[in-house]
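Take a look at the letters that make up each chain.
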Amino acid sequence: MRSGIFSIIICTIFLSCISTKYDCVDKRACREIEEKLNLIIDFNFYYQPSNGEVMAAGNFLTELSGIESGADVQIDGLLPPTMNDLDKWSAWYNANFNMLRYDRKNDSIYLIR
């Protein structure tokens, strides 16, 4: 009985975390933002993508959201985005995912107001 209730709770939590992908108005814009957030997750937990890809994703999310990265400045430039940055950008994304649009002509993502 306990394992059944536990399984239902885990499934509910998991589905609520990925539901924004299905609720999003412009799925391509949401998919690209989620890919950039996943790059940062992979870098911070598994060190998989290259530092350049992560820095580009961090710069893109900073420009789009207006939320500055909290990474310290290094001699070579900024450090890669941290988990604290990821938390801020994820919260911003969850609040604004329906206002994101993909512009095919300019191959860019913008936020409608």
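For clarity, every value in this text was computed on a predicted model and none was experimentally measured.

**Looking at the packing of aromatic side chains**
Tallied over the full model, the rule gives 2 aromatic pairs. A ring pair is formed by F45 and Y46, whose centres lie 6.3 Å apart and whose planes are at 50°; its orientation type is tilted. Judged by relative accessible area, Y46 falls into the exposed class, the value being 54%. Here Y93 and F97 contribute two aromatic rings whose centre-to-centre distance is 6.2 Å and whose plane-to-plane angle is 50°, an arrangement assigned as tilted. Of the two residues, Y93 and F97, both sit in the buried class. Lying over the aromatic face of F60, K36 brings its terminal NZ or CZ to 4.9 Å of the ring centre.

**Regarding the pattern of salt bridges**
Enumeration according to the criterion identifies 1 salt bridge in this entry. Across the salt bridge formed by E32 and R28, the nearest N and O atoms sit 3.3 Å from each other. A residue pair is termed a helical-turn pair when its members lie 3 or 4 positions apart in one helix, as E32 and R28 do in helix α2 (residues 27–46) at 4 residues.

Rules and cut-offs
- Residues numbered from 1 in each chain as written.
- Predicted model: local features only at pLDDT ≥ 70, side-chain atom pairs only at ≥ 80, totals over all residues.
- Heavy atoms only, no water.
- Phe/Tyr/Trp six-rings, centres within 6.5 Å; stacked < 30°, edge-to-face > 60°.
- Buried < 20%, exposed > 50% of the residue type's maximum accessible area, 1.4 Å probe, protein only.
- Lys NZ or Arg CZ within 6 Å of the ring centre and 35° of its normal.
- Salt bridge = Lys/Arg side-chain N within 4 Å of Asp/Glu carboxyl O.
- Helix = DSSP H or I, 4+ residues; strand = E, 2+ residues; numbered from the N terminus.

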